[in-house]
Amino acid sequence: MIDVRDVSRVYRRGVDQVHALEHVTLHIPAGRFVALMGPSGSGKSTLLNLLAGLDRPDTGEVVVAGQALAGLDEDGLAAWRARHVGLVFQFYNLLPVLTAVENVELPLLLTGLGRSERRRRAEIALAAVGLAERADHRPQQLSGGEQQRVAIARAIVTDPDLLVADEPTGDLDARSAVEILTLLRELNRAFEKTVVMVTHDPRAERFVDQVMRLDKGVLVDGGSA
Amino acid sequence: MPLPLRYNVRNVLVRRWTSVFTAGGIALVVAVTMLLAALVGGLKHMLVATGEPENLIVLRKGSTNDGSSFLPREAAQVVRQLAGVARAPDGEPLASAEIVNQPFLRTREGRRENVLVRGVEPVALLVHRSVHLVAGRMFRPNLGEVVIGTGIAARYADARLGSRLEFGRRTWTVVGIFDSGGTAFDSEIWADVTDVQDDTRRPGYSGIRLTVAPGADRDALVRRIEADGRFTLEAKPERAYYREQADSANALYVLVLTLAAVMATGATFGAVNTMYAAVAGRTPEIGTLRAIGFGRTAILLGFLTESLLLAAGGLAAGLVLAALAMLAVNTLLSGIAFSMMTFSVATVLLRPTAAGTLLAAGFALVIGVLGGLAPAWRAAHLRVVDALHRA
Amino acid sequence: MTYPRLILRNLWRHPLRTVLTTLSIALSIFLVCAVLTLPGALEAVFAHWSSDVRITVHHKAGLTYWLPYAFLAKMRNLPHVAAVNHYSWFGGVYDEPKNMFPNFAVDPETVAQMWPDYGIDPAALERFRKIRNAALVGEQTMAKFGWRIGQEITLKGTVFPVDLTLRIVGVIPAASGNPVVLWFNYRYLSEAMEPRFGTALAGPTGVVGMIWLRADSPAHVGEIMRTVDALFRNSEAEVAAETEKSFIQSFTSTFEGLIRVVLAVGFLVVLAVVLIAANTSAMGVRERLPEIAVLKSLGFRRRPILAVLLAESTLQGLVGGVLGSAAAWVILGALNRAGRTAGGAFLGPLGSFHMSAGVAAEGVAVALVVGVVAGAVPAWNGARLNVVDALRRLF
């Protein structure tokens, strides 16, 4: 499903050059729940950005669900992301001016669907994460865990091939963190969604199929299923 | 313990564009206020300064200005000889009988305007003491010679020393240029009174200007002039006459004030927005300051100071802008052309006024205070715990 | 959930900020409307004084020079001249010197033919011809002094050494575009002046101020003007003939200085509000950079994001513009009505703003431009945000 071949990424920070990724090669089959772990600055988030089509490698290639991302321009990547990838971040996921269900509806604005159809799908997605009764609440009225669940609902509402999460439990207390990890696990199992999650959270290992570790931009442990 | 001024200054400078835009809005309010006040100031100066304190103006009763008044020749002869009229060392009465006319003159751009031509006798230079020849000489009678004010020289292409001007029924020669210190006469052409009478076919005068003899009873002279049953005359001090003309400029002052006040309100709203955003953006910082030990008053004063710093910056920029604009208008455009009550055109130079400057500074101050007050209050009354939690 | 809803919600994120900015725009547009009424008011004056068949003939040297009365007879005989009348400025004062208004002596016989578009009551015109000291008064002057038809008033002469008692026999409607003027019979002035001058003004050796001609059709106007200029070229009084419109426009050069100042002020006002609105826009975008990053990561492209951000500031401008224009309409209209009443004279220039629908539309248009210009740079910066950099900075 996901093929990363000999990918390197260097970026500039001030006058320094940071080698975020060095000749990384990996393969993730469909339907797998993978955790990307490693110390700070190891390149996990950079790799995640490449898989999600948010960034391009300097060398090597990334192929996701048969699509070679190098062949897409900026607009093409955006369109591809909208259709094929669901994203969950650590914070700032939700627009504070929209309600929960409206936030979930957001990616559907990029499809050609009509208003009532969009609303229907958003409600389904919200129900799938167990927050149907909080549909009309604003993010400020939701707990941290609930906000992340809404973010996950938004990530799956377009029925993407790949779900990408960058430290989804980083800002949560213990109980909420477990709830989120459980939810992701369930979505992975029930809908066979490929999930790639960057995390520091040691608890995550219990929930995933495979752990890959990075250190200083190099894949040090490809992990096993 | 108050917050150090350096902290406030640094904060204002760090938010560069926001500070520039907000101060810019204030600067424009300041500039507009000053420029409009300068316009009114120039107008008033021109009108009020024109009056000599010891002079009287004699017109037909009921006339509002010497452009629409008529006195017969005999009236001038009588008034000249009245007791109380000052005399020159050689015994000549300091009474100038004048006739005012508004012929067409063509401007640099080929447009046709009314210009004010005053037919006078040489004694006019003694009666109108503010008028001085700065180039050439005074005209000689019956030769179609004229002297022109500096405003005329600036406004009309052909108005130069030695050039010939066409107006009325004939051609005239410019033999001199006079300056009157920014009064209304600068926009006039002075010609020999007989020449103008011939040109307009009017056998009389528009009015008489005379100087009251030192020590003489001015009111008695006025009564003597007005009491003469042969003519219907009215005499009043020049100062009073011009002040009445200047009163029409007062309405402009009201307009200026209204305009500037409305602008200032808009700028205040802008300042409020800026300061509220500043408070919101620095909430954790405020929490930290409070936790360290700075009291509510210190925080309040601190934000108020930042708002005032913005206003001060706006004031300075606005003053510079206004000064540059005034300079540009006065030198490049030779002032603003205005239509006077005498249906002729005069150019008004912008003159900054103390009142205008104070008004502008006052606006800046009010904007700074009002703009910063509510946000500063909010900043000072943040709950420390809440503020730190958001960090 | 739709794009418009997103735009509205974003505007209402900080209600106070949006309200204050919108009010700033509204205030500025109010001023802009007030400023724009000035040239518009002059345009309106021209629109009324734009008869395409009336011609003015004045002395080439200026309006203060008299034309020989004998010229009138010569003009009546010119081909294509349908009617002849004249204007002589009396400059009389009613009661107090500051109650100055334009008053002219005219020929009552041909008023109806010369100014049929003024809509003066024919019965009043009849009385004007019959009664020696009759006067027709503009509607606004009637209201200002509270005069009635049939009333006798006295005008004190200023350039003419006579006082005249006139009887008001009719009104010149405000719709004529000449609502202030007073007309009376030139012969009445001539009779009053005869003892002083020894000769009749309205006679073969007399003089008259300005002459009006009416062409039988617009096509002949040019020809008449050329004929008149040529006819008197080397006479004792060279004349200049111009159309009514051109004559009125020659007066505006005196207002140009004032108008330039007023327009400059208006421009500065607009500039100030652009600065204020741009500041607000920039603040709003800056605060929302994380959200914009998320939107871009979801797949929203530059253009929709740019459109949303720009729409916010434009909508704000539009609302402010409508509010400001509406306020100007109401307030200036009220001032205008108050200025026309008897007690309204004290308002001075404040009472003479007349705002047209065109100015209201211009005000709204300016507000729209303000909204777009103010929001453009922040919106562009927001849309141009590099997602990866933003995400890296934020997380």
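Residues numbered from 1 in each chain as written. Chains lettered and ligands numbered in written order. Predicted model: local features only at pLDDT ≥ 70, side-chain atom pairs only at ≥ 80, totals over all residues.

## Thoughts on the sheet that holds strand 6 (residues 152-156) of chain C
Residues and elements named next belong to chain C.
- Ordered by their spatial adjacency, nine strands build an open sheet running 6-7-5-8-4-3-10-1-11, and the pairing between neighbours is mixed. At either margin of the open sheet sits one strand with a lone partner, and together these are strand 6 and strand 11 (239-243). Mean inter-strand twist for the sheet, computed between neighbouring axes without regard to direction, equals 35°.
- Summarising the sheet, strand 1 (residues 54-59) and strand 10 (residues 210-215) pair through four bridges and their orientation is antiparallel. Following the sheet pairing, Ile55 is matched in strand 10 by Leu213.
- Where helix 5 (residues 122-130) meets the sheet, it contacts strand 5 (134-138) and strand 7 (163-172), and its direction lies at approximately 160° from that of strand 7. (Pairing = 2+ DSSP bridges. Helix = DSSP H or I, 4+ residues; strand = E, 2+ residues; numbered from the N terminus. Axes fitted to C-alpha atoms, helices over the stretch in contact; angles between N-to-C directions. Contact = placed C-beta atoms within 7 Å.)

## Some points on the interface of chain C and chain B
- In this assembly, 48 residues from chain C lie in contact with 53 residues from chain B.
- For the side of chain C that touches chain B, a count of residues per class yields 30 nonpolar, 14 polar and four charged. (Nonpolar A, V, L, I, M, F, W, Y, C, P; charged D, E, K, R; others polar.)

## Quick word on the environment of Val319(C)
- Relative to the assigned elements, Val319(C) resides in helix 12 (residues 302-340).
- In the structure, Val319(C) is positioned 293 residues away from Ala26(C) in sequence and 7.9 Å away in space, judged by C-alpha atoms.

## Some remarks on the arrangement of the chains
- Once contacts are tallied for each of the two pairs of chains in contact, the highest total is for chains B and C.
- For chain A and chain B, which are not in contact, the least C-alpha distance works out to 13 Å.

## What to know about the domain arrangement of chain B
Residues and elements named next belong to chain B.
- By the assigned domains, chain B splits into domain 1 (5-48 + 246-389) and domain 2 (62-231).
- On a C-alpha basis, the centroid separation for the pair domain 1 and domain 2 is 46 Å.
- Residue-level contacts link 12 residues of domain 1 with 15 residues of domain 2.
- Among the secondary structure elements, those contributing two or more residues to the side of domain 1 that touches domain 2 are helix 2 (16-48) and strand 16 (345-348).
- Split into classes, the residues belonging to the side of domain 1 that touches domain 2 amount to seven nonpolar, five polar and no charged. (Domains from an automatic or database assignment.)

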